[in-house]
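# Architecture and fold: a report
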Amino acid sequence: MSNDLVYSKNSNYYIENVNIKEISDKFGTPCYIYSKSNIIKQLTELQSALKDINHLICFAVKSNSNLSILKIFNDLGCGFDIVSAGELKRVQQINNNTEKVVFSGVGKSFEEIQLALSSNILAFNVESEDELVRINKIAKEMGVIAKISIRVNPNVDAKTHPYISTGLKDNKFGINEENALALYQHANKLNNIKITGIDCHIGSQITDLSPFEDAFKKISSLVDALEKDNIKIDHIDIGGGIGIDYNNEVISPLKYYADMITKHLKKHNKKIILEPGRLLVGKSGLLLTKVEYIKKSNHKNFIIVDAAMNDLMRPALYNAHHDVINLTNQNEPNNKFDIVGPICETGDFLAEDRLLTADENDLIAILDAGAYGFSMSSNYNSRPRISEVMVNNDQFTLIRDRESFEDLIKHEIKHLNT
Ligand SMILES: Cc1ncc(COP(=O)(O)O)c(C=O)c1O
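Parameters and conventions
Residues numbered from 1 in each chain as written. Predicted model: local features only at pLDDT ≥ 70, side-chain atom pairs only at ≥ 80, totals over all residues. Heavy atoms only, no water. Salt bridge = Lys/Arg side-chain N within 4 Å of Asp/Glu carboxyl O. Helix = DSSP H or I, 4+ residues; strand = E, 2+ residues; numbered from the N terminus. Buried < 20%, exposed > 50% of the residue type's maximum accessible area, 1.4 Å probe, protein only. Contact = heavy atoms within 4.5 Å. Near = heavy atom within 4 Å. Polar contact = N/O pair within 3.5 Å; in protein donor to acceptor, adjacent residues only side chain to side chain. Areas by Shrake-Rupley, 256 points an atom, 1.4 Å probe, with all protein chains shown as cover. Nonpolar A, V, L, I, M, F, W, Y, C, P; charged D, E, K, R; others polar. Arc of directions from axis to C-beta. Core = buried A, V, L, I, M, F, W, Y, C linked by side-chain atoms within 4.5 Å. Domains from an automatic or database assignment. Pairing = 2+ DSSP bridges. Buried area = accessible area lost by both parts, 1.4 Å probe.

We now examine the pattern of salt bridges. Throughout the structure, instances matching the rule amount to 17 salt bridges. Measuring nitrogen to oxygen at the nearest pair gives 3.2 Å for the salt bridge that ties K21 to D25. Here K21 pairs with D25, and both are found in helix α1 (residues 20-27), just 4 residues apart, close to one helical turn. The salt bridge partner of K263 is E213, with a shortest N-O separation of 3.5 Å. Of this pair, K263 sits in helix α9 (residues 254-265) while E213 sits in helix α8 (residues 210-228), and the two are 50 residues apart along the sequence.

Right, dumping it as C-alpha cells:
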C-alpha cells in the first residue's frame, strides 16, 4: 500500500498535522478530506518535470470541482479545462479572468458556447464539424472571434478501462486523424473562427506511457501538415490522463512523460497545454467513513459503512480499486470483508475481499479518493451529499457543507399540491 497522505503516530492516524479523528468528531462522517500541501506538492512535481518546456497546466475541473481546490490551482497560476457552463461558472467564482480556460466536450450547447465566447476563454476544443459551424455562427451573431483547437482522435489504445478510454476511433471523442486536416482547412475559411491550437486527450488513468508517445507522434505529423498548409497554431494541447497508483500499479516518473513531450513536440516551438486532473488531486484525498455494522456469514463477511456508491462511484462504475485502512483498529486482520454501503444495490461496494479487523463505529479511510470522488457523487437513495474538509498543516476547515434534507427537496417542495 503506497500512500503519502496518511501516517500513523501513537495509534492515531494523521493527515499533515491533524489527527483524522478530530475531523470526524467535529464534522461527522462520511466526509471527504483533502490535504492542501499534498496537492501543491503534486503540482510542483509536475511543474518541475516540465521546467524546460513552455507549458500551461489547465487543471481538469471535472476531477474535483470544489471551489477551494480550484482556488489552490488558480493561486499557483494554473488554467482550467472545463466541460460545461457549470464548470466555467465555478472557475469564474475564483477568477473572473478566464483567459486560461480551455473548453472540451462533445456536446457544447448554444448557451454554453455563448457564455464561453463572452468570457473570452483561451480555446474551444472542437470535437465535430457541426460544433465548429455552430461556434462560428454564434461568434458571428455576437460579433466576436472564437479561438479554437481541433480535438484530434489519434486512434491509439490508452490501455485503460474502456469507459475512460477516449482516443480510439470508435469513441465518441474528437475528429478522426484522417479527417482532421480537412476540418482545419474548413475552419480556416470561417470568418469568426481563429485557429490557435491542436488538441488531443486519449483517456484517463493511463499507467503505461507508450500510448502517449504514439499520440504525440501523430499530433506532431499533423502539426507539420498544418504548417505546410500555412495554418498557424500557437499551442499543442496534449490533454490529461496520467494515471496514479491505486493498486500497486507501476507509474513511470513524470520525467519520462516530459521527455516524450520534448522528443516529439518541442521542435514545433508551441506552448504545450496539459489538462491533468487525477494526477494532481487523486492521491491527496480520502473518503472517511464509519462502520455501522459487521455482518458475517459462512461464506461472506461484510463491513457495512455509512458511505456508499453515491458518495464514491468509482468501484461500482469501473470496478475500481481503492486501498482501505481501519484508522481505529490497527490489530492484525482477522477476516476478509467486502466494505459496502447502505444503498439497495449489489453494486454498492467500496472495496472487496479486504483483510481487516473492524468493529462498529471504527473509522475507515478509503484512500486515493481525491479525484472523481465527490465530483461524481449523487443523491441516490435520497442521501444528502457529504461534506468536504481541507487540511492545511495543523488546521482543518470545511470546504463544503454536508447537504441537509431541505437541500434534497428544495426543488420539489414548492411544486407539491400545485
Ligand atoms: C478532455 C479531458 N481532459 C482532461 C481530462 C482529465 O483526465 P485525468 O483526470 O485522467 O488527467 C479528461 C478526463 O477524462 C478529459 O475528458
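Turning our eyes to something else, we now look at the environment of I339. Within the secondary structure layout, I339 lies in strand β17 (residues 335-340). The class for I339 is buried, based on a relative accessible area of 0%. Excluding its chain neighbours within four sequence positions, the residues that come into contact with I339 are I303, V305, V324, F349, L350, A351 and L356.

Before going further, it helps to spend a moment on the site of the ligand. In the vicinity of the ligand lie 15 residues, with K62, S204, G241, E275 and Y372 positioned nearest. Within the contact set of the ligand, a nitrogen atom lies 2.6 Å away from a side-chain nitrogen or oxygen of E275. In isolation the ligand has 390 Å² of accessible area, and contact with the protein removes 93% of it. Taken together, the residues that form the shell around the ligand break down as 3 nonpolar, 7 polar and 5 charged.

What α1 keeps buried is the set I20, I23, S24 and F27. Along the axis of α1, the buried residues cluster in a sector spanning 95°; they form a single face. Residues of α1 that are exposed and point over 90 degrees away from its buried face: D25 and K26. Among the residues of α1, the N-terminal cap falls to N19, whose side-chain oxygen and the backbone nitrogen of K21 are separated by 3.0 Å.

So, about the nonpolar core. Most often, soluble globular proteins keep nonpolar side chains buried together rather than apart. Ranked by internal contacts, the top residues of the largest apolar core, which has 95 residues, are F73, F124, I198 and I261. Considering each element in turn, this core owes the most residues, 7 residues, to α8. Each of two domains, domain 1 (6-35 + 282-409) and domain 2 (36-281), supplies a minimum of three residues to this core. In this structure, I15, I23, I325 and F396 belong to the second largest nonpolar core, which totals 20 residues.

Of all 5 residues in strand β15 (residues 301-305), 4 are buried; the element is thus mostly enclosed. With 5 bridges connecting them, strand β14 (residues 285-296) and β15 associate as antiparallel partners. Across the sheet, the residue bridging to K295 is F302, located in β15. The loop that links β14 with its antiparallel partner β15 comprises 4 residues. One ladder, built from 3 bridges, connects β15 with β17; its direction is parallel. Bridge pairing links F302 to D338 in β17.

If you check the domain split of the protein, you get domain 1 (6-35 + 282-409) and domain 2 (36-281). The interface is formed by 25 residues belonging to domain 1 together with 23 residues belonging to domain 2. Overall, the association of domain 1 and domain 2 removes approximately 2000 Å² of surface from exposure, summing both partners, and the carbon and sulfur fraction of that is 50%. Counting every contact that joins domain 1 to domain 2 gives 0 salt bridges. Our enumeration of links across domain 1 and domain 2 arrives at 19 residue pairs in polar contact (both at pLDDT 80 or more). Those elements that provide at least two residues to the side of domain 1 that touches domain 2 are β4 (31-35), α11 (314-318), β20 (387-392) and β21 (395-400). Per-element accounting of the side of domain 1 that touches domain 2 gives the leading share, 4 residues, to β20. Partitioning the side of domain 1 that touches domain 2 into residue classes produces 8 nonpolar, 10 polar and 7 charged.

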